[in-house]
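Inside the fold
Each chain is listed here by its residues.
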Amino acid sequence: MKKYGSKLTAVVLVLFLTAAVLFTTQTVAYAAEENVSAAETVSQEAVEISDAQGMLAIADAPEGNYRLTADIDMSTLDWTPVAFSGTLDGAGHTLYNLHVTKTGNDTRITKDGNLKVYETKFVGLFSVAEKANIHDLNVVGAEISAESDTNCFAAILTGYTDDSRFSNCKVQGRVHLINHCINAGVAGIAGYGWGVFDECSADVELVFEDRYRDAHCEEFMGGVLSCGMATIRNCNVTIEGYDSCHGYVHNGGVVGMYFHCGVRYPERDVLGNRVKGQITFFEDNWDRRAYCSWIIGERLSGCHIYTDNGGKFKRNETFNYKVVLLPETCEEPHYTETVTPPDCTNWGYTEHVCDGCGYHWTDTYTPPHHDFGEWEDTGRVSETGGKIQQRICKACQATEETEVFVIMKPTEPRKEFPLGMAVAIGGAGFLVLAAAVTGTVLFLRKKRK
Ligand SMILES: [Zn+2]
Ligand SMILES: [Zn+2]
């Protein structure tokens, strides 16, 4: 009889263990499936960036998908230009006071009009943008200045573009490059390469200062792109250019040199663009060409469509090659600074005006903000049960609402058992039950005997 009892206990135990294993395996498999689908969802959603530290994180995952949720003061960062191949949705927000004084770490090959190759470095918010998509982004008060002993292209958004798209982006600032090499350029939005620029605007001061007098450099300057091939549609450029070049000048209000770069790039329409401003330059060279024109400086490759471009542009050539052309012409300038505070809709900034020559620029931008009063109850309650409070701008009467929840008395938090523990507890309970059943069977058998 004892033998029979042990057999029954063993059968019950085997049944229980099988059930437990099946239950555990199924739950784990289900959890794993859930995790995979959650990860996929995350990869499609944009990482939100709300401060300067968030911008720094782009360098760790340059292929990522990002969206700005606030205007960001970039002056707190010692910015190193980043290679980028993801999506950046500015969502209409502004990066302000971006200061860049060094080239990025990445190099790419650039070419001159004879397809001679140069290893090149880049300066900008991004050094390199490859298959990147940058849209609805504003940059104000950018100061891009670099002195490079390698070939170098500098611009506010990116030094180099490979099949990248820029739409509804606005840049404002100054770009200044001191050249010690051969292939080099300055631009408002992108330095060198190919891409698409739609509905963008650039309000820029561009300065190229050539200190390599022993060789003839290839210099490029453009309000949107300094050298390359692109579709550029409905862009607005305000340009103030200064170019001292002891080599070959390629300057345009929109593109310095329109050129295939050795790439078969299919998108090449230049239409609906507006330019306002001037480029002051000299070309110190025995073999002068001095390309400088309002839309495209030198057109080495054709556009598919070239129409409806306009504006007011001055080609301002000088011939004193000893005087470096700079926006500031005083030997000992003295500036008067005026701070304009922000208001409800306009940015604040500091304007610097030279008392001698009148040269002026703006920097230290501050975002628009309302002058709100105190929060007050509205007497309304939200759908989720919060009290709705409101505050009103003293200047423009704009209102802002917030939801306030009454803090309830804290309750004991619900305890959640991990799966392993639940199985262990369930198993122990089952064992007790099995033991009881076995005991009863044995007891009945004994009794019957
Ligand atoms: Zn001055
Ligand atoms: Zn206001």
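Just so it is clear, the structure is predicted and the values come from calculations on it, not from any experiment. (Residues numbered from 1 in each chain as written. Chains lettered and ligands numbered in written order. Predicted model: local features only at pLDDT ≥ 70, side-chain atom pairs only at ≥ 80, totals over all residues.)

On a plain count of helices and strands, the protein comes out with 3 helices and 35 strands. Within the protein, buried positions represent 34% of all 449 residues. (Helix = DSSP H or I, 4+ residues; strand = E, 2+ residues; numbered from the N terminus. Buried ≥ 20, exposed ≤ 12 C-beta atoms within 10 Å, placed from the backbone.)

With that out of the way, let us pick up the sheet that holds strand 19 (residues 218-222). Strand order in the open sheet formed by 7 strands is 8-9-13-16-19-22-26, and the pairing between neighbours is mixed. Both edges of this open sheet fall to strand 8 (108-111) and strand 26 (291-293), since each of them pairs with a single strand only. Across the sheet, the axes of successive neighbouring strands diverge by a mean angle of 25 degrees, strand direction being ignored. The pairing of strand 9 (residues 117-123) with strand 13 (residues 151-154) spans 4 bridges and is classified as parallel. Across the sheet, K121 pairs through a bridge with C152, a residue of strand 13. (Pairing = 2+ DSSP bridges. Axes fitted to C-alpha atoms, helices over the stretch in contact; angles between N-to-C directions.)

Here strand 30 (residues 335-340) lies mainly on the outside; 0 of its 6 residues are buried. With 6 bridges joining them, strand 30 and strand 31 (residues 348-354) adopt antiparallel strand pairing. Following the sheet pairing, V339 is matched in strand 31 by T350.

Attention shifts here to the environment of E205. Examined against the element boundaries, E205 turns out to sit in strand 18 (residues 201-210). Accessibility expressed as a C-beta count within 10 Å gives 20 for E205, which makes it buried. Taking C-alpha positions, E205 is 6.2 Å from V175, a pair spaced 30 residues apart along the chain. In this structure, E205 is in contact with R174, E240, P327 and W361, ignoring residues within four places of it in sequence. (Contact = placed C-beta atoms within 7 Å.)

A word on the sheet that holds strand 35 (residues 399-404). Spatial strand order, 33-34-35: 3 strands in an open sheet with antiparallel pairing. The strands lining the two open edges of the sheet, one partner per strand, are strand 33 (376-381) and strand 35. Looking at each pair of strands side by side, their axes are set apart by 35 degrees on average, direction ignored.

Relative to strand 9, strand 8 is paired through 4 bridges, and the arrangement is antiparallel. Its bridge partner lying in strand 9, I109 is registered against E119.

Let's shift gears to the confidence of the model for the protein. Within the protein, residue pLDDT values average 87, and 81% of them lie at 70 or more. Long-range and interchain partners of residues 1-5, a stretch whose pLDDT sits below 50, account for 5 contacts in this model, where long-range means more than four residues apart. Overall, residues 436-444 carries pLDDT values under 50, and its contacts beyond four positions in sequence, including any with other chains, amount to 8 contacts. (pLDDT = per-residue confidence, 0-100.)

Here we take up the environment of G92. Tracing the backbone shows G92 in the loop between strand 5 (87-89) and strand 6 (94-96). In this structure G92 comes out as partly exposed when scored by C-beta crowding, with 13 C-beta atoms within 10 Å. The sequence separation of G92 and N138 amounts to 46 residues, and the corresponding C-alpha distance is 6.7 Å.

To continue, consider unusual backbone geometry. Leave glycine aside and you will find that most residues have negative phi; peptide bonds, for their part, are mostly trans. The phi dihedral of E199 is positive, around 50 degrees, even though this residue is not glycine. Inspection of the secondary structure assignment puts E199 in the loop between strand 17 (190-198) and strand 18. In the Ramachandran plot, C261 falls in the positive-phi region, its phi being about 55 degrees despite a non-glycine side chain. As for its position among the elements, C261 is in the loop between strand 23 (255-258) and strand 24 (269-271).

Let us look at the nonpolar core. Proteins that are soluble and globular tend to have nonpolar side chains buried together. If you look at the biggest cluster of nonpolar residues, it comprises 94 residues, and the most contacted ones within it are L157, I189 and V224. Beyond its immediate chain neighbours, meaning those up to four positions away, V224 contacts A187, G188, I189, F197, C200, A202, I232, C235, V237, V254 and V255. (Core = buried A, V, L, I, M, F, W, Y, C linked by C-beta atoms within 7 Å.)

Within the element layout of this structure, F259 appears in the loop between strand 23 and strand 24. According to the C-beta neighbour criterion, F259 is buried, with 24 such atoms within 10 Å. Measuring from C-alpha to C-alpha, the distance between F259 and G228 comes to 4.9 Å, with 31 residues separating the pair along the chain. With sequence-adjacent residues up to four places away left out, F259 is seen in contact with G113, C227, G228, M229, L300 and S301.

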